[in-house]
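# Structure assessment
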Amino acid sequence: MKEFLKGNYKLKNVVKETAASEPSSTDEFEKKALSRLGGSICFVSKKGFLWKGEDRKADGSRQTDR
Amino acid sequence: MDLGRRIASRLEAATFERIAGVGLENAALNRPRIERSILELADVPLGEGDSAIVIGAGPSLHRRDSVARLRKSRYTGTIVAVDSALGACLRGGVVPHLVVSVDPQRERILRWFGRPALAAAPAEDYLRRLELDPTLATNEVAANRALIALVDAHGPRMRAAVATAAAPAVVARCEAAGIAMYWWNPMYDDYDAPDSVSRRLYEANGLPCLNGGGNVGTAAWVIAHAVLAKRRIGLVGIDFGYPPGTPYERTQYYPELREMFGERYAEAFIPVESPFVAEQWFTDPAYYWFRNVFLDMAQTADATTVNCTEGGVLHGPAVPLARLEDFLATVDGRE
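Residues numbered from 1 in each chain as written. Chains lettered and ligands numbered in written order. Predicted model: local features only at pLDDT ≥ 70, side-chain atom pairs only at ≥ 80, totals over all residues.

Regarding its fold elements, chain B presents 14 helices and 10 strands. The globule rule puts the C-alpha radius of gyration for 335 residues at 20 Å, and the 19 Å found for chain B is close to it. Summarising its shape, the C-alpha atoms of chain B cover approximately 50 × 50 × 45 Å along the three principal directions. Residues counted as buried form 55% of the 335 residues belonging to chain B. Residue pairs in contact within chain B that sit at least 24 positions apart in sequence constitute 70% of those at least 6 positions apart. (Helix = DSSP H or I, 4+ residues; strand = E, 2+ residues; numbered from the N terminus. Rg over C-alpha atoms; globule rule 2.2 N^0.38 Å. Buried ≥ 20, exposed ≤ 12 C-beta atoms within 10 Å, placed from the backbone. Contact = placed C-beta atoms within 7 Å.)

Below, the structure written as C-alpha cells:
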C-alpha cells in the first residue's frame, strides 16, 4: 500500500507492513494437514459410480451422472 | 466452520495428492498379474437374490457381534467384505463371497490377509493402536499365523475385487492363497478433463474406473450395487467414527493430527450423534469426509441402502438405520 499512499509527516516508529499473502497459522496448519490426511482412494464429485470408457459409457446400475 | 470440518471439505484434492503417485506405480507393477476385469463378476454367482451385506471393520463390528449374528441368520445373499474385516469374518465362520482391497499402502494392508514373513511384532503400532481388528492386536505373531491358515484354507472359495493401486505384496498374497482376482481402476479424477489420469489409466489397461468415495468401505458398497447390481444393501461395521470414550491416541489419524496441530489436535475431532445407540460419537476430518461423500453418493445409487452397523456416524435420509436382523428379515423372501 505504501506505493499508493504518501503522508505529509514522518512517523517516529518504523511500521512493518505485513505481507498480504502471508498465511495465517490456521491456514498453515490446514495446508500441512491436507498433505497428510485423506483417504485410500479418491472421490471424484459430479461423476458416476463406474466409468467403462467411451464405448460403454452407460455405466452399470447408475441412473444419474453424479 | 470449525477446524475439522474445514479440513474435511478439502480432502477430495488432498487424497489425490496423497495416493495418486503410489497408486499409479502399483498399477504398473501389477500389470502382468491382471487377467480379469471386475465387470466379469456380474456373471459369477455370488450369493442368492438381489441383496448384499457389506462388511467394514469399524469398532461396531465386534462391539455388536455382527459377524456371529450374520452367521446365525443363515443369510444366503451376497457378502462383500473389506480387506480389514476379512479376519473377523473368517474367524467368525463367515466366508465372504468377495473381499475388496484398494489401499496402495505397501506394508499395513498385507496384514489383513496374513503376512507370511512376520516373525516378530512390528515396531509400528498401527494394529495395536486401533480397534480395526482387536484379535490381530493382542498377540500379533500368533494371530497373524492363524490368519494365514484361515485365508489359505478359504481362499479358493473367495474372490477379490482388487484395485490396480493395491500393493503388489497384497496381490501376491491373494494369488498364493488361491483367491481369484478381478481388477478395476480407482477413478483418480474427472475422466472428461484434459490430461485425465483416470482416462490414461483406462486407455493403458482397459479396466473400468470406479468412484471409490475415499475409502475401501464405500468402494465395496459401490461394487455391490454398480457392479454386482444388488438392489438392497445392508451395511455392518461401517462406522466412520469412534465410540464415546475412545482415547484420541487410538484413532486412525492421531499421529498425523498430533504432529500437525500439537496441543490443538483435539480441535480437529468432530462430535456426531449416533442415534441408533443414542450416543454421541466423534469422528476425525477424514472419516467425516467419508461420511459426507457416502451420504451424497447414496442419494443417486440405484439401490436401497440400510445401515445395520448399530453405531457410528453414517445416517441420513438416503441411509436409514436398522437392526441387522430386521434388515435381513426383509430381504430374499424372508418377509
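The discussion continues.
The next thing to look at is the overall build of chain A. Helices and strands together make up the secondary structure of chain A, namely one helix and one strand. Looking at chain A as a whole, 29% of its 66 residues are labelled buried.

Here we come to the sheet that holds strand E10 (residues 304–307) of chain B. Ordered in space as E1(A)-E6(B)-E5(B)-E4(B)-E3(B)-E2(B)-E1(B)-E7(B)-E10(B), the nine strands form an open sheet in which the pairing is mixed. If you trace the sheet from one side to the other, it starts and ends with strand E1 (50–51) of chain A together with E10 of chain B, each paired once. Taken together, the five bridges between strand E4 (residues 159–163) of chain B and strand E5 (residues 180–186) of chain B define a ladder with parallel strand orientation. Bridge pairing links Ala 163 of chain B to Trp 184 of chain B in E5 of chain B. Packing of helix H9 (residues 168–176) of chain B onto the sheet brings it into contact with strand E3 (98–101), E4 and E5 of chain B, and relative to E4 of chain B it is tilted by some 165°. (Pairing = 2+ DSSP bridges. Axes fitted to C-alpha atoms, helices over the stretch in contact; angles between N-to-C directions.)

Let's shift gears to the interface of chain B and chain A. The interface is formed by 47 residues belonging to chain B together with 29 residues belonging to chain A. Elements represented by at least two residues in the side of chain B that touches chain A include exactly helix H1 (3–8), helix H2 (11–30), strand E6 (209–210), helix H11 (216–227), helix H12 (254–261) and helix H13 (285–298) of chain B. Ranked by residue count, the leading element in the side of chain B that touches chain A is H2 of chain B, at eight residues. When grouped by side-chain class, the residues that make up the side of chain B that touches chain A number 29 nonpolar, eight polar and 10 charged. Alignment of E1 of chain A against E6 of chain B, held across two bridges, turns out to be antiparallel. Bridge pairing links Trp 51 of chain A to Cys 209 of chain B in E6 of chain B. (Nonpolar A, V, L, I, M, F, W, Y, C, P; charged D, E, K, R; others polar.)

Another aspect to go through is helix H4 (residues 66–73) of chain B. Residues and elements named next belong to chain B. Within the sequence span of H4, burial applies to Ser 66, Val 67 and Leu 70. All buried residues of H4 lie within an arc of 100° about the axis, which places them on one face of the element. Residues of H4 that are buried sit in contact with strand E1 (51–55), helix H3 (60–63), helix H5 (86–91), strand E7 (232–236) and helix H14 (324–328). In the stretch just after H4, Arg 74 is the one whose phi turns positive, near 60°. (Arc of directions from axis to C-beta.)

Once that is clear, we can look at the confidence of the model for chain B. Of the residues in chain B, 96% have a pLDDT of 70 or more, and the chain-wide mean is 93. On the interface metric, ipTM, the complex scores 0.91, and its pTM is 0.88. (pLDDT = per-residue confidence, 0-100.)

Before going further, it helps to spend a moment on the confidence of the model for chain A. Mean pLDDT over chain A: 68, with 41% of residues reaching 70 or higher. Here residues 60–66 of chain A scores under 50 on pLDDT; set against residues more than four positions off or in separate chains, the count is 22 contacts.

Further remarks concern the nonpolar core. Ranked by internal contacts, the top residues of the largest apolar core, which has 121 residues, are Val 54, Ile 55, Val 80, Val 100, Ala 161, Ala 220 and Ile 223 of chain B. Excluding residues within four positions of it along the chain, Ile 223 of chain B makes contact with Val 80, Val 100, Ala 161 and Leu 228 of chain B. (Core = buried A, V, L, I, M, F, W, Y, C linked by C-beta atoms within 7 Å.)

Attention shifts here to the environment of Gly 39 of chain A. When you line up the elements, Gly 39 of chain A lands in the loop between helix H1 (25–36) and E1. Residues in contact with Gly 39 of chain A, not counting those within four places in the same chain, are Leu 11, Thr 15, Gly 214, Asn 215, Ala 286 and Phe 290 of chain B.

All names here are of chain B. Within E1, five of the five residues are buried, which leaves the element mostly enclosed by the surrounding structure. Going residue by residue along E1, you find Ser 51, Ile 53 and Ile 55 tucked away on one face and Ala 52 and Val 54 tucked away on the opposite face as well. Note that E1 and E7 share five bridges and pair parallel. Opposite Val 54, over in E7, you have Leu 235 as the bridge partner. Note: E1 against strand E2 (residues 78–82), four bridges, orientation parallel.

Residue and element names in this part refer to chain B. Phi at Asp 195 takes a positive value of approximately 60°, unusual for a residue other than glycine. One can find Asp 195 in the loop between E5 and helix H10 (197–205). Overall, the presence of 7 C-beta atoms within 10 Å leaves Asp 195 in the exposed class.

So, on to the environment of Glu 107 of chain B. The residue Glu 107 of chain B is located in the loop between E3 and helix H6 (126–129) in this model. Residues Glu 107 of chain B and Val 170 of chain B lie 63 residues apart in sequence; the distance between their C-alpha atoms is 8.8 Å.

Residues and elements named next belong to chain B. As for its placement among the helices and strands, Ala 303 is situated in the loop between H13 and E10. For the pair formed by Ala 303 and Leu 110, sequence separation is 193 residues and the distance between their alpha carbons is 31 Å. Ignoring sequence-local partners within four residues, the contact set of Ala 303 consists of His 225, Lys 230, Arg 231, Arg 232 and Ile 233.

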